[in-house]
Amino acid sequence: MKINRHLAILLLTCTLFAGVSASAQIQPVGDGGPGPVKAQHLTAELVSLGPAIAPGGTLEVGLVITLEEKWHVYWINAGDSGEPPKITWTLPRGITAGPMRFPVPTRLPLGPLMDFGYEDEVAFPVLMTAAKNAKPGPIHLDAKIDWLVCREVCIPGKAHLGLNLTVDPKATTPARPVGALGEALGLLPKPLAPDMKVTVKGGQKEFVIDLLTGEKQDEAEFYPFDQEQIINAGGQDVDPLPNGVRVRVPRAPELTKLPAELHGVVKLDEEHAFEIKAPVEPGEVPRPEGAKAAGGSSGELTAMAAIGLAFVGGLILNLMPCVFPVLFLKGLSLVQSSSEERGRIRKHGLVYTGGILASFWAIVAILLVLRAGGSQAGWGFQLQSPTFLAVLASGIFLFALSLAGMFDIGLSLTSAGGELAQKQGYTGSFFTGVLATVVATPCTAPFMGAAIGLALAQPSWVTFAVFTALALGLAAPYLLLSFQPSWTRLLPRPGAWMEVFKQITAVIFFATVIWLTYVYGSLYSAGQGVYHAALLLTCFLLLAVAGWVLGRWPARWSSSIAALMIAALALSVPLYQPKDKTLAWQPYSQQALDTARAAGHPVFIDFTAAWCLSCQVNERVVLKSSDVQEQFRDNKVTLLRADWTQYDAEITKQLASIGRSGVPTYVIYPAGNGAPDVLPELLTKDIVLNALKKDTAR
């Protein structure tokens, strides 16, 4: 059975590398400067209301996120899915950061679910405090930022940003905050005024919040700080009161016991919102005669409906480009084996279904463990891992080479002793089910989105049931054919056309590899994405060499071993990613240069560009070497990077001032007012080390 042998090659490849870690490794954008830095679907920037902070004083700083159209980030309570941005600060002695504050969010419906978050632009203020004994002078606030940006899909991101400020006894607080940060400060929910009052009653199906502001209010929305207290997507009925407003919020079904208090935000309009925290008094508040009870989600999706949709979605998943070739090849193997005993064919169908069920249950287990740990993850979360993507794309690429006719696995790896492939029995059927699940993860068939979205926000048994239905839907076509072999008469008879179709099928897999390579590159920052995609393409080139070896010398142990060694080398190219322990570079500016020199630090400026090959070689071979990094660190050299990838007038002016008109250019400025030392275009470690020794002693 050549078809089963072709399936076996991908199984065997995946098995060989099954132990590879799948942990996510998102590469941060930014190099420690304030930004703005561009990431996928948003721009991030650190800002402050002023350049200086007084000892014993405070200063508002903030993270500003500007989003592409229809993309959003999350409030502190993300709603049914998602997670809010986070900042991890590294601060100089005497400076402390307050908690990150969140402006009033908006409701972001997605199918039957509801998220709470922000679109377009949002700023998150953070109050910095300087100790009374803080030492005057320049300081640097370093920030590691994480976020999740979503539309129909969610993409995690990271940034490394920072702010250069000054501790100055003469610093003052800006009289009128301006800009995105100033606007955000005005949109923070306010505490209740002394003459305001709030009460909360908790009933069987709803919370009733009475907010008395002294004026009649016609509109209101409630956002809870804690999760799983209300039906996020449920309708909130608003009853204007003579001196305030009453909001009826549907209670979450999983909230079996009333909380002691309700903590959240009541939003009256875009500019007025109040943070409330009130004890919950058990009791029902009758509705006005004729009024309808607060409902759940508009278009509420029940658990049973979600299970049904998941089964239909699983059926349709068989038609997705990433799954259909596997199913079709499996179907053709059934045609070829139609002469076998019917009971044996049925067992193959059941084992194939078992492989799919086991794979989906493994995914559910991982999702539930992540959820129990406080993380949020969804269908296809493993595609956030560069390691998983590299292994998956490599396996599919090798599989496609075999389908295209470069080599025949039946005469190579199988003969080399691959017991899994040789058996072609129940083990092969089980792992074919595993394979179908693996290649299905990049796809989302119709109906799946709503069902999975509901499942991930529901109790564990609902999540388990929905994913089980999805697995049964995916397995159903082949399972039915195995129980009704007579239906295989509807399939075309075996013949020479199968070889042609097999080669055409390879095109689909090659297209899948192109898409996976795009996703792989997208996990990294703009400059790094191209570099890592090139590494993956190099891996494909070596895999093609491995395939050629198998095709040129088939059915030989020596060629199989050589091919496996080449394949291992190929995978090591994208997977080997040593941790970058080099010093951080700040973006160049005349102010950064002047500030560093005034503070008594020598400055090294790297004038570079992404399209400059010499620049990349100098950086990797010389500037990132341990000897040079040690000298930078020991001499407290401030590192500035002038990125000339796109035209920059200030960088062009600075190059002209030292008699240069292009990159690479490297300049060392001694501390104080000494003349700059311009280094050669092609660096060696000795050139840089000698220059540092000479210039830092001036």
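These lines cover the structure that appears in this document, whether it is placed above or below. (Residues numbered from 1 in each chain as written. Predicted model: local features only at pLDDT ≥ 70, side-chain atom pairs only at ≥ 80, totals over all residues. Heavy atoms only, no water.)

**Observations concerning the pattern of salt bridges**
Move 1: Scanning all chains against the criterion turns up 14 salt bridges.
Move 2: A salt bridge links Arg246 to Asp210; the nearest nitrogen and oxygen atoms lie 2.7 Å apart. With Arg246 in strand 18 (residues 244–250) and Asp210 in strand 15 (residues 206–212), the pair connects residues that are 36 residues apart, well separated along the chain.
Move 3: Taking relative accessible area as the criterion, Asp210 reaches 15% and is therefore assigned buried.
Move 4: Its salt-bridge partner being Glu619, residue Lys624 comes within 3.8 Å of it at the nearest N-O pair.
Move 5: Of the residues examined, Lys624 reaches a relative accessible area of 32% and is grouped as partly exposed.
Move 6: For Glu619, a relative accessible area of 13% puts it in the buried group. (Salt bridge = Lys/Arg side-chain N within 4 Å of Asp/Glu carboxyl O. Helix = DSSP H or I, 4+ residues; strand = E, 2+ residues; numbered from the N terminus. Buried < 20%, exposed > 50% of the residue type's maximum accessible area, 1.4 Å probe, protein only.)

**Quick word on the nonpolar core**
Move 1: Membership of the largest hydrophobic core comes to 46 residues, with the highest contact counts inside it found for Leu42, Leu63, Val73, Trp89 and Phe124.
Move 2: If you look at the next biggest cluster of nonpolar residues, it comprises 34 residues, including Ala592, Leu593, Trp644 and Tyr666. (Core = buried A, V, L, I, M, F, W, Y, C linked by side-chain atoms within 4.5 Å.)

**Observations regarding the packing of helix 6 (residues 386–404) against helix 13 (residues 557–575)**
Move 1: Running from N to C, helix 6 and helix 13 cross one another at 150°; their axes reach a closest spacing of 10 Å. Classified by the angle their axes make, helix 6 and helix 13 are roughly antiparallel. Considering only the axes of helix 6 and helix 13, their crossing is right-handed. Of the residues in helix 13, those touching helix 6 at Thr387, Ala390, Val391 and Ser394 are Leu571, Pro574 and Leu575. (Axes fitted to C-alpha atoms, helices over the stretch in contact; angles between N-to-C directions. Parallel < 35°, antiparallel > 145°, perpendicular 65-115°, else oblique. Left-handed = near helix turned anticlockwise from the far one by under 90°. Contact = heavy atoms within 4.5 Å.)

**A closer look at the sheet that holds strand 1 (residues 37–39)**
Move 1: A sheet is described by the order of its strands in space; here 5 strands give the open sequence 1-2-4-10-7, paired in antiparallel fashion. At either end of the open sheet lies a strand with only one pairing partner, and these are strand 1 and strand 7 (95–97). On average, each strand axis in the sheet is inclined to that of its neighbour by 25°, with strand direction left out of account.
Move 2: The sheet contact formed by strand 4 (residues 58–67) and strand 10 (residues 121–130) spans 9 bridges and is antiparallel. Counterpart to Ile65 in the pairing with strand 10 is Val122.
Move 3: Contacts from helix 2 (residues 179–187) reach strand 2 (42–48), strand 4 and strand 10, with the element oriented near 85° to strand 10. (Pairing = 2+ DSSP bridges.)

**Topic: the pairing of strand 6 (residues 86–90)**
Move 1: Side chains Ile87 and Trp89 project from strand 6 onto a buried face, and the interleaved Lys86, Thr88 and Thr90 project onto a face without burial.
Move 2: Both strand 6 and strand 11 (residues 137–150) contribute to a ladder of 5 bridges, which runs antiparallel. Within strand 11, the residue paired with Thr88 across the bridge is Lys144.

**A word on the environment of His140**
Move 1: If you trace the backbone, His140 turns up in strand 11.
Move 2: The class of His140 is partly exposed, set by a relative accessible area of 27%.
Move 3: Each C-alpha atom of the pair His140 and Gly33 lies 9.5 Å from the other, and the pair is 107 residues apart in sequence.
Move 4: Once you skip the residues sitting within four places of it in the chain, His140 turns out to touch Gly32, Thr90, Pro92, Gly162, Leu163 and Asn164.
Move 5: For His140, the side chain forms a polar contact with the main-chain oxygen of Leu163, separated by 3.4 Å.
Move 6: Reaching out from His140, the side chain makes a polar contact with the side chain of Asn164 at a distance of 2.7 Å. (Polar contact = N/O pair within 3.5 Å; in protein donor to acceptor, adjacent residues only side chain to side chain.)

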